[in-house]
Amino acid sequence: MQVSDESEPLLTLQERSDLIYSEFTPPFVSCDPKLLSIFVVAFDTRAGNVVEWKYPDNYPLIGVEFKALPSGAHNVQHDIMFFEMANHFGMAAYIMKQVDNSAERGARMKSVGVMSAHYLALSQHEERLIELAQDSVERPGSYENLIQYFAEFNQSYSIPVSLELKPNAVGSMYDLFKSQGVQIFTLWKMLLLKKRILMQCTPPISRQCSYVVCLAALSHTQYTHSSPLFYVTVNDMNTLNYKQSYIACSADMILKTKGSQVYDVYVTGSAVVDPQGEMYPVTRGDIVRYNQLCGAVDREYGKKNTSEVDRLIQGYFSVLTTDLFNTLTSLVNGNRCLQPSDLKDIRLHNSDLPYLQTLVDKLGYDVELFSPSCCEEHFASLM
């Protein structure tokens, strides 16, 4: 839904976007897709979450039992989790099966997961992990299928591959856009500032993990990239403390109370707040850009092509970010002041100047910004 604003658009997206965004191709990232480990996590009524089995035996999986079996998992029948551990990435499929067994309190809960060097290499395992998790709850203690899958997959790859940096689930970028509304631009700004972004979630975790991938994709250009941690728990406090920048989600509500100790931006639904719980402001420029993008998204979604909508949204932010950094770089190299015409070229508004000053300071760029009060007449003519 578009947001009301009295101003005319800074540019007519319909006139310019068709060529630019239809030609957008998600960037490729080179990575080694080989599996580093495969494991089973289970809930034990006496010991709690435990690593039931892992292969190979010497691969460290300290704390994986809390990432692969998140808080509140007992409220859902199945789920998919992504997470980061020691600079490697994991994916786990969770299944709960009702059992007539008092020792398990009527429910058998297990997750089967794998570890890899890059998160983009994980989504291809989702279907098979679900099957293996189902087999694990049906035949507890049987691990031969897991070892076979691990070995056969690794034998099929001997060199790194290039994978597209795009949403891991079709439609997730569009879902993120709908759920955040105009605040999607607040998140984009925070990503460029390398802020620590933590999203509140409850099982099923899979949607928020997809949103983490989407946010990483939105900010990935030749100039910028983000660090996705995916699902985190209270056991990750030390990691969150020292990280300069990240994107993550968590069902552990205690993390919200830690404030600036662990995050700069906290996302609850469509609310994007600072550590004091205050909403980050939406600028007039945010509203203009959001309305422009809404128009393009609505036209594409009317064609019922969800993957193209995802690509359009990612392409919009890729072009927006690239144009912004190209302009700032040219100003630094040319030793000149930012002009109102520069703002129009990069789809920013004079209401974005405080943020732009913060970004320039963060980057250490020696760029002088014009004063909007002395340029109002000039700027009005550009609108």
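Residues numbered from 1 in each chain as written. Predicted model: local features only at pLDDT ≥ 70, side-chain atom pairs only at ≥ 80, totals over all residues. Heavy atoms only, no water.

Explain helix α7 (residues 206-218) to me, please; I cannot follow it from the model alone.
Helical geometry: 3.6 residues make up each α-helical turn, so side chains three or four residues apart lie on a common side. When the terminal C-alpha atoms of α7 are compared, their 19 Å separation across 13 residues agrees well with the 18 Å that a helix rising 1.5 Å per residue should span. Counted residue by residue, α7 has eleven buried out of 13 residues, so it is predominantly covered. All buried positions along α7 are accounted for by Gln208, Cys209, Ser210, Tyr211, Val212, Val213, Cys214, Leu215, Ala216, Ala217 and Leu218. (Helix = DSSP H or I, 4+ residues; strand = E, 2+ residues; numbered from the N terminus. Expected span 1.5 Å × (residues − 1). Buried < 20%, exposed > 50% of the residue type's maximum accessible area, 1.4 Å probe, protein only.)

Could you clarify how one ought to interpret unusual backbone geometry in this entry?
Negative phi is the rule for most residues except glycine; trans is the rule for most peptide bonds. Between Tyr55 and the following residue, Pro56, the backbone shows a cis peptide bond with an omega angle of -5°. Mapping Pro56 onto the fold places it in the loop between β3 (48-55) and α2 (64-67). With an omega of 5°, the peptide bond between Pro203 and Pro204 qualifies as cis. Mapped onto the elements of the fold, Pro204 is located in the loop between β8 (196-200) and α7. Although it is not a glycine, Lys194 adopts a positive phi angle of roughly 60°. By the element assignment, Lys194 lies in the loop between α6 (183-192) and β8. Within the chain, Arg347 stands out as a residue other than glycine whose phi angle is a positive 60°. Here Arg347 lies in the loop between α11 (340-345) and α12 (353-363).

For this particular structure, what's the right way to read the side chain of His118?
Considering the arrangement of structural elements, one finds His118 in the loop between β6 (107-116) and α3 (126-138). With a relative accessible area of 17%, His118 lands in the buried category. There is a polar contact of 3.0 Å between the side chain of His118 and the backbone nitrogen of Leu120. Aside from chain neighbours lying at most four places away, what touches His118 is Val29, Cys31 and Phe89. (Polar contact = N/O pair within 3.5 Å; in protein donor to acceptor, adjacent residues only side chain to side chain. Contact = heavy atoms within 4.5 Å.)

Would you mind going over the confidence of the model for the protein with me for this structure?
Should pLDDT be low for a region, the predicted coordinates there are not to be read in detail. For the protein, the average pLDDT comes to 87, and 90% of its residues sit at 70 or higher. pLDDT under 50 marks residues 6-20. Its contacts with residues more than four places away, or in other chains, come to 30 contacts. Confidence drops under pLDDT 50 across residues 374-383; counting only partners more than four residues distant or on other chains, this segment forms 19 contacts. (pLDDT = per-residue confidence, 0-100.)

Can you walk me through α12 in this structure?
Among all positions in α12, only Leu353, Tyr355, Leu356, Leu359 and Val360 are buried. The buried side chains of α12 occupy one side of the element, clustering within an arc of 155° when seen end-on. Turned more than 90 degrees away from the buried face of α12, the exposed residues are Pro354, Asp361 and Lys362. Looking at the buried residues of α12, the elements they touch are α6, α10 (306-334) and α11. With its phi angle positive at about 75°, Gly364 sits one or two positions after the end of α12. (Arc of directions from axis to C-beta.)

Just checking my understanding: could you explain the packing of α6 against helix α9 (residues 284-301) for this structure?
What describes two packed helices is the angle between their axes and the distance between those same axes. In the contact formed by α6 and α9, the axes pass within 9 Å of each other and the chain directions differ by 115°. Our classification of the angle between α6 and α9 gives roughly perpendicular. As for how α6 packs across α9, the hand of that crossing is right-handed. Listed contacts from α9 to Phe185, Thr186 and Lys189 of α6 are Asp286, Arg289, Tyr290 and Leu293. Split by residue class, the contact of α6 with α9 holds three nonpolar, one polar and three charged. (Axes fitted to C-alpha atoms, helices over the stretch in contact; angles between N-to-C directions. Parallel < 35°, antiparallel > 145°, perpendicular 65-115°, else oblique. Left-handed = near helix turned anticlockwise from the far one by under 90°. Nonpolar A, V, L, I, M, F, W, Y, C, P; charged D, E, K, R; others polar.)

Looking at this structure, I do not really get the nonpolar core. What am I missing?
When a protein is soluble and globular, its nonpolar side chains tend to lie buried together. Among the nonpolar cores identified, the biggest contains 107 residues, and Phe185, Phe317, Leu324 and Leu356 are the most heavily contacted of them. For this core, the element with the highest residue contribution is α10, accounting for ten residues. Core analysis: the second largest hydrophobic core is formed by twelve residues, Leu198, Leu240, Val262 and Tyr263 among them. (Core = buried A, V, L, I, M, F, W, Y, C linked by side-chain atoms within 4.5 Å.)

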